[in-house]
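# Summary of structural features
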Amino acid sequence: MSSALMYLLFMAAGFLIGGAIALWKINRFISGVLAALAVFCGAGAVLRLMEVV
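Residues numbered from 1 in each chain as written. Predicted model: local features only at pLDDT ≥ 70, side-chain atom pairs only at ≥ 80, totals over all residues. Heavy atoms only, no water.

### A few points about helix H2 (residues 28-49)
Definition in use: Numbering of helices and strands runs from the N terminus; a helix is a DSSP stretch of H or I covering at least four residues, while a strand is a stretch of E covering at least two. In this scheme, a helix's expected span is set at 1.5 Å multiplied by one less than its residue total. A 1.4 Å probe rolled over the protein chains alone gives each residue an accessible area, and that area as a share of the maximum for its type sets the label: buried under 20%, exposed over 50%, partly exposed in between. Here, the arc refers to the directions that run from the helix axis to the C-beta atoms. In this analysis, two residues are considered to be in contact whenever any of their non-hydrogen atoms come within 4.5 Å of each other. Polar contact is the term for a pair of N or O atoms within 3.5 Å; when the atoms are in protein, one must be able to donate a hydrogen and the other to accept it, and sequence-neighboring residues count only if both atoms are side-chain atoms.
With 22 residues, H2 should cover 32 Å at 1.5 Å per step; its first-to-last C-alpha distance of 31 Å lies within 8% of that length. Turning to H2, its buried residues are Ser31, Leu34, Ala38, Cys41, Gly42 and Ala45. Down the axis of H2, the buried side of the element spans an arc of 100 degrees, and every buried residue falls inside it. When the buried face of H2 is taken as reference, the exposed residues oriented beyond 90 degrees from it are Phe29, Val39 and Phe40. Lining the buried residues of H2 we find helix H1 (2-22). Sitting at the amino-terminal end of H2 is Asn27, which places a side-chain oxygen 3.2 Å from the backbone nitrogen of Phe29. At the C-terminal side of H2, Glu51 shows a positive phi close to 60 degrees.

By themselves, these observations are geometric and do not establish any function.
This is the structure we're talking about:
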């Protein structure tokens, strides 16, 4: 279960950063929100990878 959650968090981070890049010229606020969510998902996945959480 832990590896599936880690995989989903990494995938979510990738999709969110892609959306942030796509929205950069349209709406920078939403782009920033998506980038922040991507950072949180990536950090959660790395913590899950290190088995800290």
